There are 2 protein chains.
Amino acid sequence: MKATIRDVAKLAGVSISTVSRVMNSPQSVIESKRRKVLEAVEQLSYQPNSFARGLIYRKSFTLGLLIPDIENMYYAGIIRGMQEACNKLGYSLMICNTDRDSARLLSYIDTFHEKQVDGIVFASDRMSPEYYDKLSAYRIPVVMLSSHSDEFEIPSIEVDDEAAAYDAVKYLIGLGHQKIAMMGFNDVNSVSGPPRLKGYLRALSDGGIDASSLLGRVKHAAHYFEHAYEAAHELFMEYPDTTAVFCVADEFAMGTISYLKDQGVSVPEQVSVIGFDNIRMAGIYIPKLTTIAQPTFELGYRSAEKLHELITTGQTEIMREKLLHKLIIRESAGTVS
Amino acid sequence: MKATIRDVAKLAGVSISTVSRVMNSPQSVIESKRRKVLEAVEQLSYQPNSFARGLIYRKSFTLGLLIPDIENMYYAGIIRGMQEACNKLGYSLMICNTDRDSARLLSYIDTFHEKQVDGIVFASDRMSPEYYDKLSAYRIPVVMLSSHSDEFEIPSIEVDDEAAAYDAVKYLIGLGHQKIAMMGFNDVNSVSGPPRLKGYLRALSDGGIDASSLLGRVKHAAHYFEHAYEAAHELFMEYPDTTAVFCVADEFAMGTISYLKDQGVSVPEQVSVIGFDNIRMAGIYIPKLTTIAQPTFELGYRSAEKLHELITTGQTEIMREKLLHKLIIRESAGTVS
DNA sequence: CTGAAAGCGCTAACAT
DNA sequence: ATGTTAGCGCTTTCAG
């Protein structure tokens, strides 16, 4: 049986209150007794029962993380960063993968409530009223990660998607490209979608390119390689003179490159492709991806810190926080031929 | 404030025991009262406090998962499978990423104990006496995943590494290769390492190849692409006549292919490369990887089921369970030129 | 500085 | 079928 505070008290020859004190404010107990207690603790491998503490403190010292797709490498960095911050702050982490299924997400919120997580970081999904209502009813502090909400007052942390897309496309233009296509998310609920499209368009205009003539080259795909492959097919069937494509995810860039390769067109010699996220695989792919890096580790880390701030103070200093992206130049984009 | 059982009881005009009953054995409460209670539950978004229940049941209905590296895509499938099983069985899941750091792992075991997880699946690492002692002292049920222990009596579930390696190398031999190298894990604690080497060696012998003459071609790398890239460099500097390499991880295969590509040698025309795991990226890489697939989802799923069995019955039917691997033929391996 | 006792929210006897 | 009550293990007044 797990040792309880009574076992320790008995073994140390003190009352349970004394044991409790050495666990929580050691200096309030006289040296001699404290030593005896500590010895007993050691001997019995005693750890306070977290259920009992939870009952009293009404806190679980656990944070919840909701991600849409664990197979997406983007979240690996997020998770590492968040776990690191949790370790530092004394929280445990409970990760739930929703597979972009809203029923599942809702049910995980129930679980989080039942397990009394102290707060939730809600990653990359759109905050629907349905989610929001539940979260509010349960009064669970939330911060949004790589996402934000225009409808609701929720602290968020993300990259500046518009600016990032702008930089990517500007880079392409600087390389001499004009017929620049884009591959965005085929997801009405995408929150990063619209700003990235906006950044693409603005870069085009700023570069003296008639954006409206390129609109047909904006294709969409559903998160995965295969869909990007097909979207690339569609794109190049319709617009074979495209010389560069801006992809809003590294996996889209891979799908596009793979399609091109199958068609015998070489990247970057004939067509340039730029990705987004800088997942670990981006530096491994052939050719290595030129891409916009997101600071995933920091994003995860900061989200936990921010949530902690929200939990402890009831508010956050900065409501909508932005972290810096960065253009990583590798091999998949080159000057126009 | 979160609603308690008393709030519900008051609102429904019954005693708290009645509320407790409708939560736990509804049919033991008369229809009319049950309805009233259910309504109150609904209205107050009542969920029983899991701390209070935990205190009574001495169970958290939470399972812990220890993985060495969340950046390794291999674990994405594992996690999905395990979470799926957890949902089915009524458990929550707490995932901890050790980054292959033993101090961290030890500390996560403490956390798991403190949070009173009902059991732990311990993935891919060697079970050191240090870990084992702690786990035993805490009396936490454990099953090992993609790993096993020869020293300790711990249920495990994994693929047959020896047979899988054998099949991979046999396939290469069938393609006409003779000078077959291997790239294994550079990790003294690797548990899948030795059996895979054994499978490689046995396939060679069975194929009429003098295995001992090939021993110098067995190189090692440390889990990541970059290290495999370097190991490939070493390999081909020493043995330029190598025509095929069996890699014990898809990422090693990618590193090898990348190195080869940088040297201007084409895969599979000049050199064949075969991977292991069949991570999602294997089908996306250029060329697409021929590899040994591990049923990661099932592995994760079964590990949770097995752990559940261990928790509830105190034992498992099969101590060491093996799941089937499968050769996936794609593009990275071809006939010898 | 230390011990006794109340009570966190719930379940499970035990009565009725 | 339902209410009353005694804890589960711990923290925290409150006395002393």
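Reading the values: rules and limits
- Residues numbered from 1 in each chain as written.
- Chains lettered and ligands numbered in written order.
- Predicted model: local features only at pLDDT ≥ 70, side-chain atom pairs only at ≥ 80, totals over all residues.
- Heavy atoms only, no water.
- Pairing = 2+ DSSP bridges.
- Helix = DSSP H or I, 4+ residues; strand = E, 2+ residues; numbered from the N terminus.
- Axes fitted to C-alpha atoms, helices over the stretch in contact; angles between N-to-C directions.
- Contact = heavy atoms within 4.5 Å.
- Near = heavy atom within 4 Å.
- Polar contact = N/O pair within 3.5 Å; in protein donor to acceptor, adjacent residues only side chain to side chain.
- Nonpolar A, V, L, I, M, F, W, Y, C, P; charged D, E, K, R; others polar.
- Core = buried A, V, L, I, M, F, W, Y, C linked by side-chain atoms within 4.5 Å.
- Buried < 20%, exposed > 50% of the residue type's maximum accessible area, 1.4 Å probe, protein only.

Within an unreviewed UniProt entry, the label attached to chain A reads LacI family transcriptional regulator, and the organism entered is Paenibacillus brevis.

Another point: the sheet that holds strand β6 (residues 180-185) of chain A. Residues and elements named next belong to chain A. The six strands are arranged β7-β6-β8-β9-β10-β12 in an open sheet whose pairing can be described as mixed. Each edge of the open sheet carries a strand with a single partner, namely β7 (218-221) and β12 (326-328). Strand after strand, the sheet turns through a mean of 20° between neighbouring axes, direction not considered. In this structure, strand β9 (residues 272-277) lies alongside strand β10 (residues 290-293), joined through four bridges in parallel fashion. In the strand pairing of β10, Gly 275 is matched with Thr 291. With respect to the sheet, helix α8 (residues 161-174) is in contact with β6, β8 (244-247), β9, β10 and β12, its orientation differing from that of β9 by roughly 160°.

Among the 26 residues in the neighbourhood of DNA strand D, the closest are listed as Ile 5 of chain A together with Ser 17, Thr 18, Arg 21 and Arg 58 of chain B. Counted by atom, the contact set of DNA strand D within 4 Å of the protein is 66% sugar and phosphate. At 2.9 Å, a side-chain N or O of Ser 20 of chain A approaches a phosphate oxygen of DNA strand D. In this structure, a phosphate oxygen belonging to DNA strand D sits 3.1 Å away from a main-chain N or O atom of Asn 49 of chain A. Mapped onto the surface near DNA strand D, the elements with two or more residues apiece are α2 (16-24) and α4 (50-57) of chain A together with α2 (16-24) and α4 (50-57) of chain B. The element contributing the most residues to the surface near DNA strand D is α2 of chain A, with five residues. A class-by-class count of the residues in the surface near DNA strand D yields twelve nonpolar, nine polar and five charged.

What follows concerns the protein's contact with DNA strand C. Surveying the vicinity of DNA strand C reveals 26 residues, the closest of which are Thr 18, Arg 21 and Arg 58 of chain A together with Ile 5 and Tyr 46 of chain B. For DNA strand C, the backbone portion of the atoms within 4 Å of the protein, that is sugar and phosphate, comes to 68%. The separation between a phosphate oxygen of DNA strand C and a polar side-chain atom of Arg 58 of chain A is 2.3 Å. Measuring from a phosphate oxygen of DNA strand C, one finds a backbone N or O atom of Ile 5 of chain B at 2.3 Å. Sorting the residues of the surface near DNA strand C by element identifies α2 and α4 of chain A together with α2 and α4 of chain B as the ones contributing at least two each. Ranked by residues supplied to the surface near DNA strand C, first place goes to α2 of chain B with five residues. Looking at side-chain class alone, the surface near DNA strand C contains twelve nonpolar, nine polar and five charged residues.

Here we take up the nonpolar core. Counting 165 residues, the largest nonpolar core has Phe 246 of chain A together with Phe 246 of chain B as the members making the most contacts within it. Every residue in contact with Phe 246 of chain B, bar those within four places of it in the chain, is listed here: Ala 165, Ala 168, Val 169, Leu 172, Ala 181, Met 182, Met 183, Arg 196, Tyr 200, Ile 274 and Phe 276 of chain B. Counting residues in each nonpolar core, the second largest holds 40 residues, with Tyr 131 of chain A together with Leu 105, Val 117 and Ile 140 of chain B among its members.

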